[in-house]
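# Remarks on the overall topology
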Amino acid sequence: MVKKGPIFSFFALLIVLGIIIGFAVNPIIHNVKLGLDLKGGFEVLYQVKPLKAGQKIDSDTMSNAVAAINKRINVLGVSEPNISIENGHRIRVQLPGVKNEKRARQLLSTTAKLEFRDYKDRLMLDGSDLKPGKAKVAFDQMNKPMVTLQLKDPAKFASVTKKIASYYPNNQLVIWMDYKKGDSYQKEVGKKNHKYISNPGVEQQLNTSDVQISGNFTMQEATTLKDLLNSGSLPVRMNEIYSTSVGAQFGQDSMKETIYAGALAVAAIMLFMLFFYRLGGLIADLTLVLYMAIVMGVFVGLQAVLTLPGIAAMILGIGMAVDANIITLERIKDELRSGKSVLSAFKAGNHRALPTVVDANLTTIIAAAVLFVLGVSAVKGFAVMLLISNVVTFLTSIYGARLLLGLLVHSRALNNHPWLLGVKRRDIRGNE
Amino acid sequence: MEMNEKMNYKHYNKFYDHFDFMKYRNVFFVISSVLILLGIISLFVFKLNLGIDFSSGTRVDVQSKQPISITKVDQAFRAMNYSPERPVVSGTHKNIATVRINEELNQHQIAAVKSKIKDQFGIEPNVSTVSPQVGRDLAKNGLFALILASIFIIIYVWIRFEFLQGLTAVLALIHDAFFIVTVFSLFHIEVDILFISAVLTIVGYSINDTIVTFDRVRENIKLSRKRLSTIEEFSEIVNLSIRETLTRSINTVLTVLLPVILLLIFGSESIRTFTIALFVGLICGVYSSICIACPLWAVLKVRYLDKRKKKRTVQTEA
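Read on for an overview of the structure. Computed from a predicted model, the values in this text were never measured in an experiment.

Residue and element names in this part refer to chain B. Evaluation of the coordinates by the stated rule reveals 16 aromatic pairs over all chains. Ring centres 4.9 Å apart and planes at 70° place the aromatic pair Phe-19 and Phe-21 in the edge-to-face group. It is Arg-218 that lies over the ring of Phe-161; its NZ or CZ is 4.1 Å from the centre.

Time to look at helix H7 (residues 219-230) of chain A. All names here are of chain A. Compared with an ideal rise of 1.5 Å per residue, which puts 12 residues at 16 Å, H7 spans 16 Å between its outermost C-alpha atoms and is within 8% of the ideal. Listed as buried for H7 are Ala-222, Leu-225, Leu-228 and Leu-229. Looking straight down H7, one finds that the buried residues subtend no more than 130° of arc, so they occupy a single side.

All names here are of chain A. Spatial strand order, E6-E5-E9: 3 strands in an open sheet with antiparallel pairing. Each edge of the sheet is formed by a strand with only one pairing partner; in this case those strands are strand E6 (123-126) and strand E9 (174-177). Taking each pair of neighbouring strands and ignoring which way they run, the sheet shows an average axis angle of 30°. Note: strand E5 (residues 114-117) against E6, 3 bridges, orientation antiparallel. Paired with Glu-115 across the strands is Asp-126, a residue of E6.

Following the criterion strictly, the structure yields 22 salt bridges over all chains and no others. When the shortest N-O distance is used, the salt bridge between Arg-337 of chain A and Asp-334 of chain A registers 3.3 Å. Highlighted residues: Arg-337 of chain A and Asp-334 of chain A, both in helix H9 (residues 308-337), separated by 3 residues, approximately one helical turn. Assigned by exposure class, Arg-337 of chain A and Asp-334 of chain A land together as buried. With a closest N to O distance of 2.9 Å, Asp-209 of chain B and Arg-248 of chain B form a salt bridge.

Residue and element names in this part refer to chain A. For the coordinates displayed, the defined rule picks out 6 cavities of 30 Å³ or more. The volume enclosed by the largest cavity comes to roughly 100 Å³. Surrounding the largest cavity, 14 residues form its lining, Asn-325, Thr-328, Leu-329, Ala-401 and Leu-405 being those nearest its centre. Mapped onto the lining of the largest cavity, the elements with two or more residues apiece are helix H8 (248-301), H9, helix H10 (342-374) and helix H11 (377-410).

This next bit is on the sheet that holds strand E1 (residues 57-63) of chain B. If you trace the 8 strands from one edge of the open sheet to the other, you get E3(A)-E4(A)-E2(A)-E11(A)-E4(B)-E1(B)-E3(B)-E2(B), paired in antiparallel fashion. Where the open sheet ends on each side, the last strands, each with one partner, are strand E3 (82-86) of chain A together with strand E2 (85-90) of chain B. Between one strand and the next, the sheet's axes are offset by a mean angle of 20°, whatever the strand orientation. Looking at chain direction, strand E2 (residues 41-49) of chain A and strand E4 (residues 90-96) of chain A are connected through 7 bridges and run antiparallel. Within E4 of chain A, the position partnered with Tyr-46 of chain A by the bridge is Ile-91 of chain A. The strands touched by helix H3 (residues 59-76) of chain A within the sheet are E2, E3, E4 and strand E11 (237-246) of chain A, with E4 of chain A carrying the most contacts at an inclination of about 20°.

Basis of the calculations
- Residues numbered from 1 in each chain as written.
- Chains lettered and ligands numbered in written order.
- Predicted model: local features only at pLDDT ≥ 70, side-chain atom pairs only at ≥ 80, totals over all residues.
- Heavy atoms only, no water.
- Phe/Tyr/Trp six-rings, centres within 6.5 Å; stacked < 30°, edge-to-face > 60°.
- Lys NZ or Arg CZ within 6 Å of the ring centre and 35° of its normal.
- Helix = DSSP H or I, 4+ residues; strand = E, 2+ residues; numbered from the N terminus.
- Expected span 1.5 Å × (residues − 1).
- Buried < 20%, exposed > 50% of the residue type's maximum accessible area, 1.4 Å probe, protein only.
- Arc of directions from axis to C-beta.
- Pairing = 2+ DSSP bridges.
- Axes fitted to C-alpha atoms, helices over the stretch in contact; angles between N-to-C directions.
- Salt bridge = Lys/Arg side-chain N within 4 Å of Asp/Glu carboxyl O.
- 1 Å grid on protein atoms, 1.4 Å probe; cavity = no way out; pocket = protein on both sides within 12 Å on 5 of 7 lines; lining within 4 Å.
- Points joined across faces, edges and corners; volume = space filled by probe spheres on them.
- Contact = heavy atoms within 4.5 Å.

So this is what it looks like as structure tokens:
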């Protein structure tokens, strides 16, 4: 006799899960953080080098640099920046969905390294001599915008100005922004678009800690300079060693294509499972839906960034999750063929398949974990997805499928219908 | 009795039910040796087509709404005083062209290239630059990850199964990883950063496959309740185990191959090398689990048992 209780539970469970998934879909989709390969944007890897000879680059310096970059990005107003330290001496900055990439890139790479040099380009003062956060926009007598700064040590400024004044007639204190090796005051001084900001003459020793920079700024230029100086002249030198930028159109197309391929793949796998394992396949398909919802939920919950390789890993993970179903269902088929009843075949099959699935998944988790620890950027996104997939597989493809199929088996509805699990009657021992 | 019950599992309607995998083991070994040799030669002759991720320089992906012509792209870059190398047109509508420039562009140059190309082709291009140092680090990192993963896997399989199975499983996965490298070298497919992920995925997958088969071997040895010692006895167990797991192996590889093939056809251009590597690796992975790992394990196991036996005989004589 068919028992109604388990069948009722089966459908009740499906409805509850369906409702939960239905309510979860929207928030999940809206909270997915897309990587720049899907959204467009750019990524730069900086090699961090000491600003001055003898400066040590330790984890403190690195986190200061990251903090400075963060402040600068806040000025830019990018929504989901991602800044990470790599290999101890590298900083990776990812700005997905940035609108004006050219400006962002310029602002970011402007290390805002303010330097005061003499006419022979010898360094007199630099950003580390400034009081942090004290830059302001002010106006001179002609009502033109200028930027005012405060120095940490007036005595140092006094000795510097004394030295400069003594160089008369070359008594210019040249103010540079991001001075690079090879730049020279002598070469620039005659040009109209000179690289330095300004070159005020110094007549005498100045005993003050207030400095003004007036360099024919427009209001916007003065504000940008102020923002840069306040958000922290970087404590280190940063050289671009890797960069990639993805056009927004490219990103959208990639995402569309990959999701389309993924949807086709899921449909194909589901049909395949239905065809081969009948009712078992249907259960596998149902757990697959649950699996995808949980994987995406966990992924979003971890605030991980979805990248193209991440989508690929998810599609691959679906294949591997189904593998757990296949191993179990094949075992159950074996047991049925050996002449066992549906109930004992179900029990024995699950029991025997478990260690296989555990061993197989754990070895993949090992590989994924190594990738996660060692990988960078896109590879890391891939590894996170693979790890989540493998762990969730345990939950849905093993326990979820066992629970659902178990309810049907216990209802005795499957008794004497081994074909529902894809076994032909004539293959069963004793029925040849 | 248990073994007899086991024998009844045999489904006589499957074509491979009488295929003797162990009988042809030397054929498999020769095939794989030839492939490995081919790979080594290919690496020396053709080398690897390293993308800028592993060397250095700049890569620009130009996209247009219409099909794109190489000459037009070439001209556009020459007009900016760059010499583009290896322009390749791809995409389902032949509307993407990828170009490499040997120098690393700085950010001003990149901005200039981007706006010029956008003006000319209508869509903002992708631009990537890599310095030699980063490329070297990436390659080193990938190799290190592969070695580390292999060691952990051997240890795990050693604990759960036995050392020789761990060893052959890892040999099989190195075989698969190397085969992917061979194919990429022979056909001159560009190797980029995702290639490493693909190889490592295959490592995870291939080991998965091998473990499932070894798992059945372990179970069948237990069920046979005999002390196995000759190659014939091991052959019987290995053949039985492979046959029993073959349906699963084929079905599983199909379910993973399906998405990979669909990604290959419909997926994004930017993960093409990734999917090619997966495709090659998956097929090689099944082959190596069935035809290399198990037979190789049986051969090594028998050799090991023989040696131990000899040692013992010598000891008892003395």
